[in-house]
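# Coordinate inspection notes
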Amino acid sequence: MNNEFIGLCCRYGVLVNPVMWLGVFFDDPDRWPCTALILSLNVYIIGALLLQKGLVKGVVSDVATRWLSSVILASILIVPTCTVMVTAPNPFAAAFALALHTVSFLKLFSYMVVNSDLHRNRKQTDHEVNQKLEKQGKANNLVVYPENLNMKDIYYYMFAPTLCYELNFPRNVRIRKRYLMKRLIEVILLSSMLLALGQQWLVPTIQNSMQPFKEMDYSRTVERVLKLAIPNHFLWLMFFYVFFHSLLNLIGEVLRFADRGFYSDWWNAETIPEFWAEWNIPVHKWARRHVFKPMLQAGYSKLQAATLVFFVSAFFHEV
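Calculation rules
Residues numbered from 1 in each chain as written. Predicted model: local features only at pLDDT ≥ 70, side-chain atom pairs only at ≥ 80, totals over all residues. Heavy atoms only, no water. Helix = DSSP H or I, 4+ residues; strand = E, 2+ residues; numbered from the N terminus. Buried < 20%, exposed > 50% of the residue type's maximum accessible area, 1.4 Å probe, protein only. Areas by Shrake-Rupley, 256 points an atom, 1.4 Å probe, with all protein chains shown as cover. Axes fitted to C-alpha atoms, helices over the stretch in contact; angles between N-to-C directions. Parallel < 35°, antiparallel > 145°, perpendicular 65-115°, else oblique. Left-handed = near helix turned anticlockwise from the far one by under 90°. Contact = heavy atoms within 4.5 Å. Nonpolar A, V, L, I, M, F, W, Y, C, P; charged D, E, K, R; others polar. Core = buried A, V, L, I, M, F, W, Y, C linked by side-chain atoms within 4.5 Å. Polar contact = N/O pair within 3.5 Å; in protein donor to acceptor, adjacent residues only side chain to side chain. Expected span 1.5 Å × (residues − 1). Bend = angle between axes of the 7 residues up to and from the residue. Phe/Tyr/Trp six-rings, centres within 6.5 Å; stacked < 30°, edge-to-face > 60°. Lys NZ or Arg CZ within 6 Å of the ring centre and 35° of its normal.

With that out of the way, let us pick up the overall build of the protein chain. Helix and strand counts for the protein chain come out as 12 helices and 0 strands. When the 319 residues of the protein chain are sorted by exposure, 36% land in the buried category. Total accessible area on the protein chain stands at roughly 19,500 Å², and carbon and sulfur atoms take up 66% of it.

Below you can see the structure in the form of structure tokens.
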């Protein structure tokens, strides 16, 4: 790997150019509908909050809430996808905007489902019991439904590094400044290394692969693909560390979010299901809570529930 990388540097020279990174990210700023798309997420967030408040006050019925929730969730996926396809914006900005909308869909889905379940349970419970539970929660400094339906609560959840909504998230007592600085330095340095290695290592290899693809030279095509496998795998591992360890822990520390189970020892996994369960724990928890368990409760088998989880995961990875 080192010999190949050194060979590329000797053959093409040093290709790392930070100015070019800025040019790619900020090319054609007036063709950036993605900025508007990212800001439009506030519409969906506030809409979800107002919908749940309306349900509590009796302004919106249960049936209307389900339909309006479906409209909000569908819009989060359809509107940005159509906008990107029609306007063809900066690809990096488009990828970032689509990723944020996908995460927001998963978060708001959990938010709506949990609060709707809490509302249903509250209606089925005696008024005196509800009052007693609310008093007990306040005595223990816990947030109780429906006092969680406010701007501060939903925006904390939207920024928190989790996909599953809870009334009371575990919180640290303070922000550890030294730990915060370590994660910040890791994000800056490793992100720069990712861009530099991609520019120096991946770009020349991809450019050299174009001609064999055009000529349908299968032997050379296989060789180029195998050459891409090494840098691709290396950069994927770097990205995993930057995102799941450095960035998510950085966000968690700023928000004093204490549930830091973002990944487990997936490198020791002995089976494919074990690997998928351990390499991305936030998505695994969301799928288990909102897809797998509801399927089992509805009478479906574990195989059917696991199959649906697989297809849902595949859909959102493609989105």
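There's more to say after this.
Contact pair helix H5 (residues 91-124) / helix H7 (residues 151-159): the axes reach a minimum separation of 10 Å and the direction vectors enclose 135 degrees. Looking at the two axes, H5 sits oblique to H7. The hand of the H5/H7 crossing is right-handed. Contact with H5, carried on its side by Ser104, Leu106, Lys107, Leu108, Ser110 and Tyr111, involves Asp153, Ile154, Tyr157 and Met158 of H7 and no other residues of that element. The class makeup of the residues in the contact of H5 with H7 is 6 nonpolar, 2 polar and 2 charged.

Core analysis: the largest hydrophobic core is formed by 39 residues, its most contacted members being Ile76, Phe105, Leu108, Tyr111, Ile154 and Trp286. Sequence-distant contacts of tryptophan 286, defined by excluding residues within four places in its chain, comprise Leu106, Phe109, Ser110, Leu163, Cys164, Val291 and Val312. One finds Leu197, Leu202, Met238 and Val242 within the second-largest nonpolar core, a separate group that totals 8 residues.

On the secondary structure map, serine 246 appears in helix H9 (residues 218-254). For serine 246, a relative accessible area of 0% puts it in the buried group. Engagement of the side chain of serine 246 in a polar contact is seen with the side chain of glutamate 186, the distance being 2.7 Å. Aside from chain neighbours lying at most four places away, what touches serine 246 is Arg183, Glu186, Val187, Leu190 and Tyr241.

Our next topic: the environment of proline 170. The residue proline 170 is located in the loop between H7 and helix H8 (177-215) in this model. As a C-alpha pair, proline 170 and alanine 258 span 88 residues in sequence and 5.2 Å in three-dimensional space. For proline 170, the contacting residues outside a window of four places in its chain are Arg256, Phe257, Ala258 and Asp259.

Let us now look at unusual backbone geometry. Here the amide bond leading from tyrosine 145 into proline 146 is cis, since omega sits at 5 degrees, within 30 degrees of zero. Even without being a glycine, arginine 256 presents a positive backbone phi close to 55 degrees. Among the structural elements, arginine 256 can be located in the loop between H9 and helix H10 (272-279). The exposure class assigned to arginine 256 is partly exposed, which follows from its relative accessible area of 26%.

We now examine helix H11 (residues 281-297). Taking 1.5 Å per residue, 17 residues should reach 24 Å; H11 reaches 22 Å between its end C-alpha atoms and fits that length. When the local axis directions of H11 are compared, the greatest deviation, roughly 40 degrees, occurs at arginine 288. Within H11, the full set of buried residues consists of Ile281, Pro282, Trp286, Ala287, His290, Val291, Phe292 and Met295. Two residues or fewer past H11, glycine 299 is found with a positive phi of approximately 100 degrees.

A full pass over the atoms with the stated rule returns 26 aromatic pairs. With centroids separated by 5.1 Å and ring planes inclined at 80 degrees, the aromatic side chains of tyrosine 157 and tyrosine 165 adopt a geometry described as edge-to-face. Accessibility expressed as a relative area gives 0% for tyrosine 157, which makes it buried. Following the ring pairs from residue to residue traces out a cluster consisting of Trp236, Phe239, Phe240, Phe243, Phe244, Tyr263, Trp266, Trp267, Phe275, Trp276 and Trp279. Just above the ring of tyrosine 157 sits the side chain of lysine 107; from NZ or CZ to the centre is 4.6 Å. Against the face of tyrosine 179 rests arginine 183, its NZ or CZ located 4.7 Å from the ring centre.

Turning to the side chain of serine 110, a few remarks are in order. Inspection of the secondary structure puts serine 110 in helix H5. The exposure class of serine 110 is buried, given its relative accessible area of 0%. A distance of 2.9 Å separates a polar atom in the side chain of serine 110 from a polar atom in the side chain of histidine 290. Setting aside anything within four residues of it in sequence, one finds serine 110 in contact with Tyr157, Leu163, Cys164, Tyr165, Trp286, Arg289 and His290.

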